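# Remarks on the overall topology
Now for the letters of each chain:
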Amino acid sequence: MKKEQKHETDYIQKYQDEGYIANFLFDNGCLIDTDSKYAYQPDEIYIVAHHRYEGMSNPDDMSILYVIETKDHIKGTHLLGYGPMADLDEAEFFKEIPKKNYSKNADISELT
C-alpha cells in the first residue's frame, strides 16, 4: 500500500508539540522572530531538520519547512518556497547558514 504523503501542516504540528513554537519571517536580509522582533543572521541559526514538499496537483508548488533553533535557544519553524517562484534573497540567506549549524540528521523525510 502506498504511504500517504505528509503535508507541511503535519510537520508543523508535530514540531509545535515538541516545543518549536516560534514563527520566523524573512525580511530585509534577516530571519525575524515574530514575537521578539529580533533579526537573526545566518550564523545565529541552527537547522534541526528540514522537509521538502512538492505540490500534488502542481509540481511547481514547492516548499521547504525548516525546523530552527537560534543561538539564544528560540525554537520554531520557517516555510520557504523554492523552485521557479522562490524568493532568491530568502533562498540565499539559508545557503549562508554555515554547514556546521545543520544537524547531522537535518535532511529527514519521515515523521519520527
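For clarity, every value in this text was computed on a predicted model and none was experimentally measured.

### Re the pairing of strand S5 (residues 62-70)
Most of S5 sits inside the fold, with 8 of its 9 residues counted as buried. Pairing of strand S4 (residues 45-54) with S5, which is carried by 9 bridges, proceeds in the antiparallel orientation. Across the sheet, the residue bridging to Ile-47 is Ile-68, located in S5. Sheet analysis places S5 next to strand S6 (residues 75-82), joined by 8 bridges and oriented antiparallel. Opposite Glu-69, over in S6, you have Lys-75 as the bridge partner. Connecting S5 to the next strand, S6, in antiparallel fashion are 4 residues, including His-73 with a positive phi near 70°.

### A short note on the pattern of salt bridges
What the rule picks out here adds up to 2 salt bridges. Between Glu-18 and Lys-14 there is a salt bridge, with its nearest N and O atoms 2.7 Å apart. Owing to a relative accessible area of 44%, Glu-18 belongs among the partly exposed residues under this scheme. A salt bridge links Lys-71 to Glu-44; the nearest nitrogen and oxygen atoms lie 3.1 Å apart. Residue Lys-71 is found in the loop between S5 and S6, and its partner Glu-44 is found in the loop between strand S3 (39-40) and S4; the two are separated by 27 residues along the sequence.

How each quantity is defined
- Residues numbered from 1 in each chain as written.
- Predicted model: local features only at pLDDT ≥ 70, side-chain atom pairs only at ≥ 80, totals over all residues.
- Heavy atoms only, no water.
- Buried < 20%, exposed > 50% of the residue type's maximum accessible area, 1.4 Å probe, protein only.
- Helix = DSSP H or I, 4+ residues; strand = E, 2+ residues; numbered from the N terminus.
- Pairing = 2+ DSSP bridges.
- Salt bridge = Lys/Arg side-chain N within 4 Å of Asp/Glu carboxyl O.

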